[in-house]
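Letter by letter, the chains look like this.
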Amino acid sequence: MNGFLYYLEVTPLAYPYLIGVGAALVTALSVLEHTRRCKRLVKFLSGPVPKLNEISAIRNFEGRHAELTDHADNAACLAIFSGFVAILLTCYIWRVAETNQLRPLIFLGALQLFNLFQYICGGGRYASQARDMLEERPDLGCLKYVEKLPPLPSKASEKAEVEKLFQGSLDDYVTAFAITPAMAQSRCNAPLEQAYRQTLSDAQWKASQEERPQVNEKVLLVWRDSAKNRIKVLVTTVKKIEDVAIPGAIPRSGNALITAAGEKFCGGRLAYYCGKPTQKIERGWLATADRAHILLASLQWLDDDQRELCYQLINPGTPLPRAEDWRPI
């Protein structure tokens, strides 16, 4: 102990040097921890991902993902801060040190280079791999919609969910996402099998022309906000149903004028917006809970995750029928 105190007393720049070495060592440990956390994150993201209809499981998955990401980010922040301190002290020592004091400075600089190399080959590489997985792995794309999922229905929360989701106007939409014209066009150009196309066409006709919703029945509204190229979604209830007189046509149950969210829709359990286009709603569609899959299958410009999210808003916890087993109910 006495020797250490004597060293501090007789050695110029001893305090800045020791603090710089300590900061460099903290940086090294933080980089190691960041690397370890990022490796765990990559391993976690490489595993199976729950579907959006598995609401509890996908929320737990996203919670674990957020926890691992936060731990890795905290370690990275500590490494950056301590590394910055060490670099400042290194620069200070370089400016004021004499020639015979450069050996400790070289050691301190070597520590900084080692930490930088360790980060590039360790934590930085794994962090980049994790980001690439989030961008490129298709089934991880659903994570950006998890926070918009409704809770699973329960008797205790049923009243609260009605108040939360079944709002009265288009301004109370549940969620929204942007779809550019180029994205929409590329998705609409995707080929559909003839058998699937015919099945979908038949289901659309039946739901829109031969069926009718009930007053107070919950419905899914999907519409385009033409001002910002955004797609908005609302879960609401039917407020009013009126017959539509079509001269010379045989009356059908689906020939109805449906009022929901303060707007008019023409059709049946599947209907389209028949009001005058505005900046708020350019085009829109309505479907009951049991016909929502028909509507969402018809909107080819939605991607799979967006289609699943919309379906979960009105049918929480129920899987959306996929193309290979799609059938009208």
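Cut-off values and rules
Residues numbered from 1 in each chain as written. Predicted model: local features only at pLDDT ≥ 70, side-chain atom pairs only at ≥ 80, totals over all residues. Heavy atoms only, no water. Helix = DSSP H or I, 4+ residues; strand = E, 2+ residues; numbered from the N terminus. Buried < 20%, exposed > 50% of the residue type's maximum accessible area, 1.4 Å probe, protein only. Contact = heavy atoms within 4.5 Å. Areas by Shrake-Rupley, 256 points an atom, 1.4 Å probe, with all protein chains shown as cover. pLDDT = per-residue confidence, 0-100. Disulfide = S-S within 2.5 Å. Salt bridge = Lys/Arg side-chain N within 4 Å of Asp/Glu carboxyl O.

(A) A look at the overall build of the protein chain. Secondary structure summary: the protein chain contains 10 helices and 7 strands in total. Relative to its full complement of 329 residues, the protein chain shows a buried share of 43%. Considering only residue pairs separated by 6 or more positions, the protein chain has 68% of its internal contacts joining residues 24 or more positions apart. For the protein chain, the exposed surface amounts to about 18,400 Å²; the carbon and sulfur share of it is 58%.

(B) How the structure looks around the confidence of the model for the protein chain. Mean pLDDT over the protein chain stands at 78; residues scoring 70 or higher make up 76%. Predicted confidence in the protein chain is weakest over helix α1 (residues 2–10), with a mean pLDDT of 45, and strongest over strand β7 (residues 284–288), with 94. Contacts from residues 2–10, a stretch scored under 50 in pLDDT, to residues over four places away or in other chains number 7 contacts.

(C) Structural view of the state of the cysteines. For the coordinates displayed, the defined rule picks out 1 disulfide. Two residues, Cys266 and Cys274, share a disulfide whose sulfurs are 2.4 Å apart. Looking down the S-S bond of the Cys266 and Cys274 bridge, the torsion is 80°, so its handedness is right-handed. With relative accessibility at 18%, the residue Cys266 sits in the buried group. In this structure Cys274 comes out as partly exposed when scored by relative accessible area, which is 30%.

(D) Broad picture of the pattern of salt bridges. In total, this model carries 11 salt bridges according to the counting rule given. Across the pair Asp139 and Arg137 runs a salt bridge, and its minimum N-O distance is 2.8 Å. A relative accessible area of 22% places Arg137 in the partly exposed class. We note a salt bridge from Arg269 to Asp290, for which the minimum N-O separation is 3.1 Å. Of this pair, Arg269 sits in the loop between β5 (263–267) and β6 (270–273) while Asp290 is found in the loop between β7 and α9 (292–298), placing the two residues 21 residues apart along the sequence. Accessibility expressed as a relative area gives 12% for Arg269, which makes it buried. Judged by its relative accessible area of 27%, Asp290 is partly exposed.

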